[in-house]
Amino acid sequence: MHGISQSAVWIKEPSADAGVVIVTSAALPKYMIDKLHVTIDDWDQVAYLAVKQSEVLLVDWLRVGSSPEPSAGGDACYASKLLRCVPHGSFLLEVGTVPGLTWLGSVCGHPLRVLELGTIASSTAAMDRQVEEVLSATRSLAKSVLQARGVI
């Protein structure tokens, strides 16, 4: 795991081929985070970002964006530092119980989709079903990115 700030951490960093970045709250059950990570580990088209402090990231992004001085790169907000390694045109897939990170798509201009899971399951079997929902949405988005890039 690699984080640029204490507000978010890459569970799996994006490769140059990344077409989808799964974005979840770090408060998601560890079982689900680990299950997603293991499943996508060898999938070059998918990265995984866990956000620990969404409000801190948002306030930082708004602060830098509202500054009268144009950013020279060194003053870039944490969110743009995290997302600048994600290829343009890659989807951000926000996964959670309530959308709260939709603004991330505006940081670097990535298209964003939301997958609301509802209440997080309490049993591992039910969590497995929710993980499969995430993976199904990820597969669909990855396929559309690959088609747009003329790979398939």
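Refer to the structure printed above.
Read on for an overview of the structure.

Thresholds, definitions, all that
Residues numbered from 1 in each chain as written. Predicted model: local features only at pLDDT ≥ 70, side-chain atom pairs only at ≥ 80, totals over all residues. Heavy atoms only, no water. Buried < 20%, exposed > 50% of the residue type's maximum accessible area, 1.4 Å probe, protein only. Helix = DSSP H or I, 4+ residues; strand = E, 2+ residues; numbered from the N terminus. Pairing = 2+ DSSP bridges. Core = buried A, V, L, I, M, F, W, Y, C linked by side-chain atoms within 4.5 Å. Contact = heavy atoms within 4.5 Å. Salt bridge = Lys/Arg side-chain N within 4 Å of Asp/Glu carboxyl O. Phe/Tyr/Trp six-rings, centres within 6.5 Å; stacked < 30°, edge-to-face > 60°.

Right, let's talk about the pairing of strand 2 (residues 8-12) for a bit. By the criterion of burial, strand 2 is predominantly enclosed, with five of the five residues buried. Strand direction decides the pairing type here: strand 2 and strand 4 (residues 46-51), joined by four bridges, are antiparallel. For Ala8, the partnering residue across the bridge sits in strand 4 and is Val51.

This next bit is on the nonpolar core. Nonpolar side chains in soluble globular proteins tend to end up buried together. Grouped together as the largest cluster of nonpolar side chains are 26 residues, with contacts concentrated most on Ile22, Tyr48, Val95 and Val134. Those elements that provide at least two residues to this core are strand 2, strand 3 (20-25), helix 1 (30-40), strand 4, strand 5 (91-96) and helix 5 (124-148). The greatest single-element share of this core, amounting to eight residues, is contributed by helix 5. Setting aside its immediate chain neighbours within four residues, Val134 contacts Ile22, Leu36, Leu93, Val95, Leu115 and Leu117. Grouped together as the second largest cluster of nonpolar side chains are 20 residues, Val23, Leu49, Val64 and Val86 included.

The subject of this paragraph is the pattern of salt bridges. For the structure on display, the rule yields four salt bridges. One salt bridge connects Asp128 with Lys35, and the closest N-O pair in it is separated by 3.6 Å. One end of the pair, Asp128, is in helix 5; the other, Lys35, is in helix 1, and 93 residues separate them in sequence. The partly exposed category is assigned to Lys35, whose relative accessible area is 33%.

Along the chain, Leu135 turns up in helix 5. According to the relative accessible area criterion, Leu135 is buried, its value standing at 4%. Each C-alpha atom of the pair Leu135 and Ile22 lies 9.4 Å from the other, and the pair is 113 residues apart in sequence. Ignoring anything within four residues of it in the chain, the contact list for Leu135 reads Leu36, Thr39 and Ile40.

Time to look at the packing of aromatic side chains. Taken as a whole and judged by the stated rule, the model has one aromatic pair. Here Trp61 and Trp103 contribute two aromatic rings whose centre-to-centre distance is 5.3 Å and whose plane-to-plane angle is 25°, an arrangement assigned as stacked. Residue Trp61 is located in helix 2 (residues 54-65), and its partner Trp103 is located in the loop between strand 5 and helix 4 (104-108); the two are separated by 42 residues in the primary sequence. Residue Trp61 is classed as partly exposed on the basis of its relative accessible area of 21%.

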